[in-house]
Amino acid sequence: MSAAHDGVYVYAVLRAATALPKDGTGVGSPPAVLRSISQGPLAAVVSDAPPQLRARRRDLLAHQNLLMRLADEGPVLPMRFGMVAADEQSVLAQLAAEESAYAATLDRLAGRIEINIKVLPAQNALEALVAEDKSVQKLRAAARRSPGYEASVRLGEAISGALTRRAAAAGQRILRELASTARAAVPGPEVPGCVLNQSFLVDRAESEAFLLQAQSLGASFREHAEIRPAGPLPCYSFVSAEARSVLVGGK
Amino acid sequence: MTATTYSDEVVACPPRAGTLYDVLELILDRGMVIDVFIRVSLVGIEILKIDARIVVASVDTYLRFAEACNRLDLERDSGSTTVPELLSGGVAKSVGKRKVRSAAESVGDTVRKAVGGGDDSSEEEDEPHERPKKRRAPARSSESRRRRVEA
């Protein structure tokens, strides 16, 4: 059992009435036992923080899985991974201090979920690219005439750049389409290899339709971009102060 | 960033929707932060991010793309001629053709072993390779002529 001096790991802030999932467990090995501590209308789901907590796959999954399950029960303010409070008292003090702000955000997120959409260059679109892109065609011919390292690098660089540009253009069109049916949209952190990383706030009842729409956009842009949807998710991207003034259809 | 892409390793096992891979940056970079709380072990997190996204924006990637581009030709050699511009002269061509040939043969061998066929089928296998060669030869030379004019 981890000692109290490692602190209290905080998973989420939610409404005090929200039930903990019966067999839910926390981070650490063995998985930490969860508890809910409440302060007025709000509660925090916490556990003892395991010693030497790091961003291990196991712990990230535990964090994510618990939040997914909590989100099924009602609105949740998911904490970023790895937030550790000194003790329960400081968690309760925080709940008291921010009560109205937290409650308002929970109200705003009630019945809604996050869907994250990543757009990447289409990897199977090389043929279409070569058929359409004149500069790639030229470099390709050059590499054929005098094959070699330099020519190959130049050709590959041109292909890589062209694939990315095509995907980025498709990504902007995809973003516009999806943003028009979402409640809100915010750009996610830049992810290397992705030309678009965008999170959408969607009514839970609409999430399936939204994912279907993403899928069909993916099909229509498949020669330019690959769409990777993830969700429904806890609203990671819609809890922060900057996410309150959300951008719909932004870049 | 014009030069970023992701590697074959990532493509080979595409992450599924909702898995850790696809939401990693949200778990690590989004979600609520409380200033008075401690955030643990950022060093470990950075390492994990790098591991999770094997991103290559490098000469290796470029060479792989160039190689894939060459493979396009090879696939065409076995049938499709929809974009004749893709076929051009040079050393790479003959090398490529040999590769196609041996690849086709090894596939043929495997099939033959599997079905237990004899030599007759192997002659049949070879024939289709001869005919397209003859048919394409003039197209190629006229094509390379045109390229020279363009260049």
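Residues numbered from 1 in each chain as written. Chains lettered and ligands numbered in written order. Predicted model: local features only at pLDDT ≥ 70, side-chain atom pairs only at ≥ 80, totals over all residues. Heavy atoms only, no water.

Residues and elements named next belong to chain A. One open sheet holds the four strands; their spatial order is E7-E8-E6-E9, and the pairing between them is antiparallel. The sheet is open, and its two borders are formed by strand E7 (184-187) and strand E9 (225-233), each paired with just one other strand. Within this sheet the neighbouring strands show an average axis-to-axis angle of 20 degrees, counted without direction. In this sheet, E9 lies alongside strand E6 (residues 112-121) in antiparallel orientation, the contact comprising seven bridges. Bridging across to E9, Ile 117 finds its partner in Pro 229. Sheet contacts for helix H7 (residues 207-220): E6, strand E8 (196-203) and E9; angle to E9, the most-contacted strand, approximately 170 degrees. (Pairing = 2+ DSSP bridges. Helix = DSSP H or I, 4+ residues; strand = E, 2+ residues; numbered from the N terminus. Axes fitted to C-alpha atoms, helices over the stretch in contact; angles between N-to-C directions. Contact = heavy atoms within 4.5 Å.)

Let's shift gears to the confidence of the model for chain A. Per-residue confidence for chain A averages 90 on the pLDDT scale, and 94% of its residues sit at or above 70. Every residue in residues 243-251 of chain A is under pLDDT 50, and counting partners more than four places away or in other chains gives 20 contacts. (pLDDT = per-residue confidence, 0-100.)

Before going further, it helps to spend a moment on the pattern of salt bridges. Across all of its chains, the model carries 12 salt bridges over all chains by this definition. Residues A:Lys118 and B:Glu25 are paired through a salt bridge, measuring 2.7 Å at the closest nitrogen-oxygen approach. Of this pair, A:Lys118 sits in strand E6 while B:Glu25 sits in helix H2 (residues 20-29), each in a different chain. Residue classification places A:Lys118 among the buried residues on the basis of a relative accessible area of 0%. Assessed through its relative accessible area of 3%, B:Glu25 is described here as buried. As a salt-bridge pair, A:Asp203 and A:Arg183 come within 2.7 Å of each other at their nearest N and O atoms. With a gap of 20 residues between them, A:Asp203 in strand E8 and A:Arg183 in the loop between helix H6 (149-179) and E7 connect regions that are remote in the sequence. Salt bridges sharing partners connect three or more residues here, namely A:Arg35, A:Asp48 and A:Glu88. (Salt bridge = Lys/Arg side-chain N within 4 Å of Asp/Glu carboxyl O. Buried < 20%, exposed > 50% of the residue type's maximum accessible area, 1.4 Å probe, protein only.)

This next bit is on the packing of helix H5 (residues 134-145) of chain A against H6(A). The axes of two packed helices give the description: the angle between them and the distance between them. Residue and element names in this part refer to chain A. One way to put it is that H5 packs onto H6 with a least axis distance of 9 Å and a crossing angle of 160 degrees. On the basis of the axis angle, H5 is roughly antiparallel to H6. In terms of crossing hand, the pair formed by H5 and H6 is left-handed. On H6, the residues that touch Val 136, Leu 139, Arg 140 and Ala 143 of H5 are Ala 151, Arg 154, Leu 155, Ala 158, Ile 159 and Ala 162. The residue makeup of the contact of H5 with H6, split by class, is eight nonpolar, no polar and two charged. (Parallel < 35°, antiparallel > 145°, perpendicular 65-115°, else oblique. Left-handed = near helix turned anticlockwise from the far one by under 90°. Nonpolar A, V, L, I, M, F, W, Y, C, P; charged D, E, K, R; others polar.)

This next bit is on the packing of aromatic side chains. All names here are of chain A. Considering all chains together, one arrives at three aromatic pairs over all chains under this definition. Ring plane angle 65 degrees and centroid distance 6.1 Å describe the contact between Tyr 9 and Phe 81, whose orientation is recorded as edge-to-face. Of this pair, Tyr 9 sits in strand E1 (residues 8-15) while Phe 81 sits in the loop between strand E4 (76-78) and strand E5 (83-85); the two residues are 72 residues apart in sequence, bridging distant segments of the chain. By relative accessible area, Phe 81 is classed as buried at 0%. Ring centres of Phe 200 and Phe 210 lie 5.2 Å apart, and the angle between their planes is 50 degrees; this geometry places the pair in the tilted category. Taken together, the residues span a long stretch of sequence, with Phe 200 in strand E8 and Phe 210 in helix H7 at a distance of 10 residues. Using a relative accessible area of 3% as the deciding quantity, one classes Phe 210 as buried. One aromatic cluster in this structure is built from Tyr 9, Tyr 11 and Phe 81. (Phe/Tyr/Trp six-rings, centres within 6.5 Å; stacked < 30°, edge-to-face > 60°.)

Our next topic: the packing of H6(A) against H7(A). Residue and element names in this part refer to chain A. Taken N-terminus to C-terminus, the directions of H6 and H7 make an angle of 155 degrees; their axes are 11 Å apart at the nearest point. When the axis of H6 is compared with that of H7, the two are roughly antiparallel. Where H6 crosses over H7, the two elements pack in a sense that is right-handed. Listed contacts from H7 to Ile 174, Glu 177 and Leu 178 of H6 are Phe 210, Gln 213, Ala 214 and Leu 217. Its residues assigned to classes, the contact of H6 with H7 comprises five nonpolar, one polar and one charged.

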